[in-house]
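Summary of the model geometry
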Amino acid sequence: TNDTITLPATATLTNFPDNTPMFRVFRSSDQSVTNSTYTKIQYDSESYDTDAAFDSSTNYRFTAPSAGKYYFLAQLQYTATTDGGQLRAQFYVNGSAFNANLRMQHTSPNTSDNFVVMADVLSLSASDYVEVYGYQSQSGSRNFESYKNYFLGYKLIGT
């Protein structure tokens, strides 16, 4: 059966959990990434950041304001060449690769723009921080393209 709760127009609802903090950040310009080197992606612009928990000017990382489980997603993209090579994305927690065997990877010998999307749920303590690193192996530096490289996350309700 469906139950209906009717509240007076002047009612105030309190103590409901929400998915905050939440953020979405991106690159406002291309970032050059050296061949065969994991490089921190410098997300310098914010679409939103409810708790000012993402540093988009110095450290380019999310710092958890409270303990809990957080959902994160990152997309990395660069302009490919005919050389072929790999594009990888990796979450780092407190400066170390998080589960280094669980990275996302794309291999392509074509001229299409290559991208990977990586997502995970991480258990964080207050003050833990999360960063995104990218890697490419297409002989020489490649530009990770502005606006197409983004990182988002939010705290899961009830954690």
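Below, the structure is looked at part by part. (Residues numbered from 1 in each chain as written. Predicted model: local features only at pLDDT ≥ 70, side-chain atom pairs only at ≥ 80, totals over all residues. Heavy atoms only, no water.)

A few words now on the overall build of the chain. Check the secondary structure of the chain and you find zero helices and 14 strands. For the chain, restricting intrachain contacts to residue pairs at least 6 apart in sequence, the fraction spanning at least 24 positions comes to 74%. Accessible surface computed for the chain: about 8,400 Å², of which carbon and sulfur atoms make up 47%. (Helix = DSSP H or I, 4+ residues; strand = E, 2+ residues; numbered from the N terminus. Contact = heavy atoms within 4.5 Å. Areas by Shrake-Rupley, 256 points an atom, 1.4 Å probe, with all protein chains shown as cover.)

Next up on the list: the nonpolar core. Grouped together as the largest cluster of nonpolar side chains are 26 residues, with contacts concentrated most on Tyr43, Phe62, Phe72, Leu124 and Phe151. Listed by contribution, the elements that provide at least two residues to this core are strand S1 (22-26), strand S7 (68-78), strand S8 (86-93), strand S11 (114-124) and strand S12 (129-136). Counting residues per element, this core draws most heavily on S7, which supplies five residues. Excluding residues that lie within four positions of it along the chain, Phe151 makes contacts with Phe23, Arg24, Val25, Tyr43, Phe54, Phe72, Leu73, Ala74, Phe91, Val130 and Val132. (Core = buried A, V, L, I, M, F, W, Y, C linked by side-chain atoms within 4.5 Å. Buried < 20%, exposed > 50% of the residue type's maximum accessible area, 1.4 Å probe, protein only.)

This next bit is on the pattern of salt bridges. Summed over all chains, the structure comprises three salt bridges. Put simply, Lys148 and Glu145 hold a salt bridge, and the shortest N to O gap is 3.2 Å. Classification of Lys148 by relative accessible area gives partly exposed; the value is 34%. (Salt bridge = Lys/Arg side-chain N within 4 Å of Asp/Glu carboxyl O.)

Attention now moves to the side chain of Arg27. Structurally, the position occupied by Arg27 is in the loop between S1 and strand S2 (31-33). Since its relative accessible area comes to 7%, Arg27 is described here as buried. Polar side-chain contacts of Arg27 include one of 3.2 Å to the backbone oxygen of Asp30. (Polar contact = N/O pair within 3.5 Å; in protein donor to acceptor, adjacent residues only side chain to side chain.)

Where nonpolar side chains cluster on the molecular surface, the patch consists of Ile5, Leu7, Leu13 and Phe16 and spans about 490 Å² of accessible area. As for its position among the elements, Leu13 is in the segment before S1. Here Leu13 falls in the exposed class, since its relative accessible area comes to 55%. (Patch = residues over 30% accessible without salt bridge, like charges linked within 9 Å, V, L, I, M, F, W, Y side chains within 5 Å.)

Okay, the environment of Asn59 next. Relative to the assigned elements, Asn59 resides in the loop between strand S5 (54-55) and strand S6 (61-63). The spatial distance from the C-alpha of Asn59 to the C-alpha of Gln42 is 7.9 Å, given a sequence separation of 17 residues. Every residue in contact with Asn59, bar those within four places of it in the chain, is listed here: Lys40 and Glu131.

The subject of this paragraph is the environment of Gln90. Relative to the elements of secondary structure, Gln90 occurs in strand S8. Reaching out from Gln90, the side chain makes a polar contact with the backbone oxygen of Phe98 at a distance of 2.7 Å.

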